[in-house]
Amino acid sequence: MITKRFVVKNKVGLHARPAAEFVQTVNKFRSEVKIKKGEKEANAKSIVEVLSLGVERNNEIEVIVSGEDEKQALEAIEHLINSNFGEKE
Amino acid sequence: MKQLKGIGASTGIAIGKIFMYTPKQLPVNAEEKDSLPFSEKKEILERVINAAEKEIDALYKNTRKNAEKEAEIFQAHILFLKDPTIIKKIDELLKQNFTLPAAVKKAFEESVAIMEKMENPYFKARAKDLRDVEERLLRKISGIETQSLSSIPYPAIIVAKDLTPSDTASLDRKNVLGFVTETGGITSHTAILAEALGIPAVVGVRNILSEAKNGMLAILDGSTGDIILEPDETTLARYRQKKEQYEREKKELEKVKFLSVSTKSGKTIEVSANIGKTDDINIAINSGADGIGLFRTEFLFLDREIPPSEEEQFNAYKKVLEAFGSKPVIIRTLDIGGDKQIPYLGLEKELNPFLGVRAIRLCLKNKGLFKTQLRAILRASIYGNVKIMYPMIAIKDEIIEANNLLKTVKKELTEEGVAYKKDFEVGIMVEIPSAALNADELIKYVDFFSIGTNDLIQYTFAADRTNRNVSYLYNPLHPSILKLIEMTIKASHKHNKWTGMCGEMAGDPKAIPILLKMGIDELSMSPSKIPNAKKLIMETE
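Here is a short report on the structure shown in this document.

By a widespread convention, an interface's size corresponds to the accessible area lost as its parts come together. Contact residues are listed per partner, giving 25 residues for chain A and 28 residues for chain B. Inspection of the region where chain A meets chain B yields one salt bridge. Across the contact surface, chain A and chain B share eight residue pairs in polar contact (both at pLDDT 80 or more). For the side of chain A that touches chain B, the element with the highest residue contribution is helix α1 (residues 16–27) of chain A, accounting for six residues.

Given below as structure tokens:
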């Protein structure tokens, strides 16, 4: 199991499109992925749960990955968050 | 005859019969149970999810053709449809002997309720999408297709409460004369879609659902927001004429908007667009812009905690330059400060923000910030036909200082071996009376002028343009303004240079003939005004 903290920097936080991209990215891997924001926790393969966290800009989240491809999964997530979900400007 | 009023969301006039689009919710009893085995219900569930996915995917592909951004929501819809948390809940309910529709409804409604309670409106709005998916799934299960906009029985004005992306994605376009909705504003899905498709629309028309009936004759005026139900003969005749005239003008404008235009006496005038973000690129191109006369760069700096990096700026500038190829793009350096709060710049609160440290004054005080922007512009310069313009120049020393900084940046880039275009034009905005009065001197330091009329008027009359009580002073055609404009143009021509205009006045049909007479070389305006301006230029001496 590996965990890493991130600050979400894109304009609207994990709202519709970014949340969808997050889930789509996570779905490519077999590992189980959880996102924690404060006390709340969500299954990152469920867009409904991800949206329910209400992650807004500048919120800190903790990503917990466990499974055989956890390293690659975390790398992909890291890339997605650091590229601001491909958001232009 | 009955007249209703809404907000005009997409221009044009429609005359025709009404088609009421009021899809009914399927009646589902969420408490109903049956004795079907779980495996059987689960099998049906999997089949309808697959069918619904295909349907949404088709909507996605269809919408993407016209509205790429609008289409993205359907990607989320597919994820809602296959959401493991919801499916797990449905499975549990099915095992408790709930019927399939009941289980679907219960499971979705639980998540809808959570989302509806969220504070942030962005998240709250997703409850509507979730419901959209729920309805689709329930329809598939029951096999009942409710009313749809994919086949409209006759050419019609569509009347609805509001329209969702799902409603309009499979739209039968040939039979849509116009849209009228009871709710929604100019940023609603209906308004944006209608504008993109060029279909007249009026939104936010109170009581339209109770007043209108299927097949009723109606008139819709998308410019004024008027809806007339069962018009009498005189009204009908008047609107038929208005519609004909509107369409004739529109056709004419379509013909001229992509032309390079000259006055009757043969002077070619560049008609460009003012844009404020990279999203506006396509709007500008589709309006027939000959280039960008004012690319406001403020959007990169607002609404954030740290200034944008050189890379982020470079990418934005490059995108615009590439989109316009050999056509000129005038990038205005940062015009910020005073009334706009930028926390990371640590600006002092000023008594008179419009007369304080803003635009070039701020950039010359924050040289690091300014240099980063200049570096980003220079690096992007190789991708198109760039020109740089400094805002709010009052005296020549400001130009000299800015140009020196530009020189330093060029030198640094050369030393680093970074490519940039060696010769491009540098100009200033003439928007302070002192600059216009001394244009003869200032022109020696630059390649062009661009007159910013909004500020020029406000500073000439000492009248805040946002203060309604002094709005009588906001007069672009007053002799004092016209004299300043003429002085500026003459000074540039004397030195074989040119003057453009990028204020609101540049797109004003009353002002254009006067400006042409004074010898203006370029006019830059909001994209929607370009076709009309081009036509007017062709008709002027």
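Still more ground to cover, so stick around.
This part covers the nonpolar core. Ranked by size, the top nonpolar core spans 89 residues in total, and within it I292(B), F370(B), Y390(B), I428(B), I485(B), M501(B) and L523(B) carry the most contacts. The biggest single contributor to this core is helix α14 (residues 367–380) of chain B, with seven residues. The residues contacting I485(B), other than those within four sequence positions of it, are I451(B), L456(B), M501(B), M505(B), L515(B) and M518(B). Core analysis: the next-biggest nonpolar cluster, separate from the first, contains 67 residues, V33(A), V28(B), I86(B) and V104(B) among them.

With that settled, consider the sheet that holds strand β8 (residues 226–229) of chain B. Residues and elements named next belong to chain B. Read from one edge of the open sheet, eight strands run β1-β8-β7-β3-β4-β5-β6-β2, paired in mixed fashion. Both outer strands of the open sheet, β1 (2–5) and β2 (7–10), are each paired with one neighbouring strand and no more. The average angle at which neighbouring strand axes cross in this sheet is 30 degrees, direction not considered. Note: strand β3 (residues 13–21) against strand β7 (residues 217–221), five bridges, orientation antiparallel. The partner of A14 across the bridge, within β7, is L220. Sitting on the sheet, helix α8 (residues 189–197) is in contact with β2, β5 (176–181) and β6 (201–203), with an inclination near 45 degrees to β2. Taken strand by strand, helix α10 (residues 233–256) contacts β3, β7 and β8, and its axis lies near 110 degrees from that of β3.

Basis of the calculations
The numbering scheme is per chain: residues are counted from 1 as the chain's sequence reads. In the order they appear in the text, chains get letters beginning with A and ligands get numbers beginning with 1. Confidence filtering applies because this is a predicted model: local features only for residues at pLDDT of at least 70, side-chain atom pairs given and counted only at 80 or more, and all residues used for totals across whole chains, interfaces and linings. Computation of side-chain values: all heavy atoms of the structure, hydrogens and water removed. Working rule for contacts: check all heavy atoms of both residues, and any pair within 4.5 Å makes them a contact. The working definition used for a salt bridge is a side-chain nitrogen of Lys or Arg within 4 Å of a carboxyl oxygen of Asp or Glu. In protein, a polar contact means a hydrogen-donor-capable atom and an acceptor-capable atom, both N or O and within 3.5 Å, with residues adjacent in sequence counting only if both atoms are side-chain atoms; elsewhere, any N or O pair within 3.5 Å suffices. The helix and strand labels rest on DSSP assignments: H or I over at least four residues marks a helix, E over at least two residues marks a strand, and numbering proceeds from the N terminus. For this analysis, a nonpolar core means a set of buried residues of the types Ala, Val, Leu, Ile, Met, Phe, Trp, Tyr and Cys, connected via side-chain atoms within 4.5 Å. Only protein chains enter the accessibility calculation, which uses a 1.4 Å probe. A residue is then buried if its area is under 20% of the maximum for its type, exposed if over 50%, and partly exposed in between. Two strands are counted as paired when DSSP detects at least two bridges linking them. Here an axis means a line fitted to C-alpha atoms, over the contact stretch when the element is a helix, while the angle between two N-to-C directions is reported on a 0 to 180 degree scale.

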